[in-house]
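Descriptive structure summary
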Amino acid sequence: MAGIYIHIPFCKQACHYCDFHFSTSLKKKDELINALSKEIELRKTEFKNTTVETIYFGGGTPSLLTNEELQFLIDSVYNNYQVSENPEITLEANPDDLTVDRIIKLSKSKINRLSIGIQSFFEADLKLMNRAHNATEAKACLEEATKYFNNISLDLIYGIPGASNAQWLQNIEMALSFGVPHISSYALTVEPKTALASFIEKGVIEDVNDEQAHEQFHILKDKLEASGFVHYELSNFGKDGFFSKNNTAYWQGKSYLGIGPSAHSFNGTQRGWNVRNNSKYIRALELNVLPIEIETLTQTDQYNEYIMTGLRTIWGVSIQKVENDFGLDYKDYLIEQSEIFINQQLLYIDDAHIRVTKKGQFLSDGIASELFKIN
Ligand code: SF4
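Rules and cut-offs
- Residues numbered from 1 in each chain as written.
- Predicted model: local features only at pLDDT ≥ 70, side-chain atom pairs only at ≥ 80, totals over all residues.
- Heavy atoms only, no water.
- Helix = DSSP H or I, 4+ residues; strand = E, 2+ residues; numbered from the N terminus.
- Rg over C-alpha atoms; globule rule 2.2 N^0.38 Å.
- Buried < 20%, exposed > 50% of the residue type's maximum accessible area, 1.4 Å probe, protein only.
- Contact = heavy atoms within 4.5 Å.
- Lys, Arg positive; Asp, Glu negative; His and termini not counted.
- Charge placed at Lys NZ, Arg CZ, Asp CG, Glu CD.
- Pairing = 2+ DSSP bridges.
- Patch = residues over 30% accessible without salt bridge, like charges linked within 9 Å, V, L, I, M, F, W, Y side chains within 5 Å.
- Areas by Shrake-Rupley, 256 points an atom, 1.4 Å probe, with all protein chains shown as cover.
- Salt bridge = Lys/Arg side-chain N within 4 Å of Asp/Glu carboxyl O.
- Phe/Tyr/Trp six-rings, centres within 6.5 Å; stacked < 30°, edge-to-face > 60°.
- Lys NZ or Arg CZ within 6 Å of the ring centre and 35° of its normal.

Thoughts on the overall build of the protein
Of the regular secondary structure elements, the protein holds 15 helices and 15 strands. The C-alpha atoms of the protein give a radius of gyration of 21 Å, which matches the 21 Å a tight globule of 375 residues would have. Principal-axis analysis of the C-alpha atoms places the extent of the protein at approximately 55 × 50 × 45 Å. For the protein, buried positions account for 51% of its 375 residues. Once local pairs closer than 6 in sequence are excluded, the contacts in the protein between residues at least 24 apart make up 70%. One finds the centroid of the 35 positive side-chain charges in the protein at a distance of 5 Å from the centroid of its 49 negative side-chain charges.

The structure is reproduced here in structure tokens:
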């Protein structure tokens, strides 16, 4: 089983916190879509004996593409790959693009899952982050989308400066009121060279508060678990049967092709990065050249990657798998390094798997890095 990720590198405006790859000029949209289709075609040999089970339009803002443009790319996949009977096809969409008419048309297409970038239902939060939508649009689009799609995820951001824990709880309750079966939620992080970083440096916006983010993470976890969601990955909560197949495959180390500028690919032993520039990407594909850099992962890289993703998920790190895939030395190293965190009640071992405790969950990336092997 494998997945195809298609990166749509356009946005209406730059959110202040964002360091993803996108352009706010749509001038090259047609050329870029043709280049995406060309890359899909050129890379079909990589999935010769593999069935595609998920297609994921991420970005950027994929909902800036018309239904016809999205269909053209889906057709490119179907024309070049073996696709399973009921693939999960996700579209990341922003509320301001999801008019009633658009939602109805999308519901008649092959797209069967929407991941909606709500982020917050509070006007002040949306303004601070420079989102292109407002709170009314956020609610209206969910009202309509839930009538036509049963598989919907929404994104929420916590740890926003000035947003109290009480407001955060209201955000979660508002999200729950729409009955969506999946929620992804991330702490607002200050990435270097973003507008947010510069506003904080100049004192225009107060800095993010890690302690408050930690508290809000637990408010989220408690509220969603009490509402029947499974916390299956650090930032992801789903009702049974509604975990993201695309992301789960990624966390379980399955292969995926990343199509588009800045997209990443993985085939079990190699990782690839496409060029992070729309013009260079288009030019290369016009010449039938793949604008990709490939790195072969060492055994240590693969072990580190498994520890990082394993600790973020409910599946944990299988001690047996570490021994089988990496050898006894790695297994002994893992158990030895884990001990201090087990004593601090941040990790526990159950059924030959190492997992983070509730107390350790928010810290899982940091804990994972302490279990890494250094080459
Ligand atoms: S819409 Fe998404 S990708 Fe575009 S700037 Fe905002 S956060 Fe970044």
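The rest of the description comes next.
Concerning the pairing of strand S12 (residues 292–296)
Across the 5 residues that make up S12, only a small minority, 0, are buried. Pairing of strand S11 (residues 270–274) with S12 involves 5 bridges; the strand directions are antiparallel. Counterpart to Asn274 in the pairing with S12 is Ile292.

What to know about a negative patch on the surface
A cluster of like negative charges, contributed by Glu206, Asp207, Asp210, Glu211 and Glu215, occupies part of the molecular surface. On the secondary structure map, Asp210 appears in helix H8 (residues 210–226).

Digging into the packing of aromatic side chains
Each aromatic ring pair is specified by the distance between its two centres and by the angle formed by the two planes. Enumeration over the complete set of coordinates arrives at 14 aromatic pairs. With a centroid separation of 6.2 Å and an interplanar angle of 20 degrees, the aromatic rings of Phe121 and Phe178 are classed as stacked. Of the two residues, Phe121 sits in the loop between strand S4 (113–119) and helix H4 (123–129) while Phe178 sits in the loop between helix H6 (165–177) and strand S6 (182–187), which places them 57 residues apart along the sequence. By relative accessible area, Phe121 is classed as buried at 6%. Ring geometry for Tyr232 and Trp315: centres 6.3 Å apart, planes at 70 degrees, overall edge-to-face. Note that Tyr232 is positioned in strand S7 (residues 230–233) and Trp315 in the loop between helix H11 (299–312) and strand S13 (317–318), a separation of 83 residues in sequence. Members of the aromatic cluster, each reached through a chain of ring pairs, are Tyr158, Trp168, Phe217 and Phe362. Sitting above the plane of the Tyr330 ring, Lys373 keeps its charged end 4.8 Å from the centroid. A cation over an aromatic ring shows up here: Lys373 above the ring of Tyr333, its NZ or CZ 4.7 Å from the ring centre.

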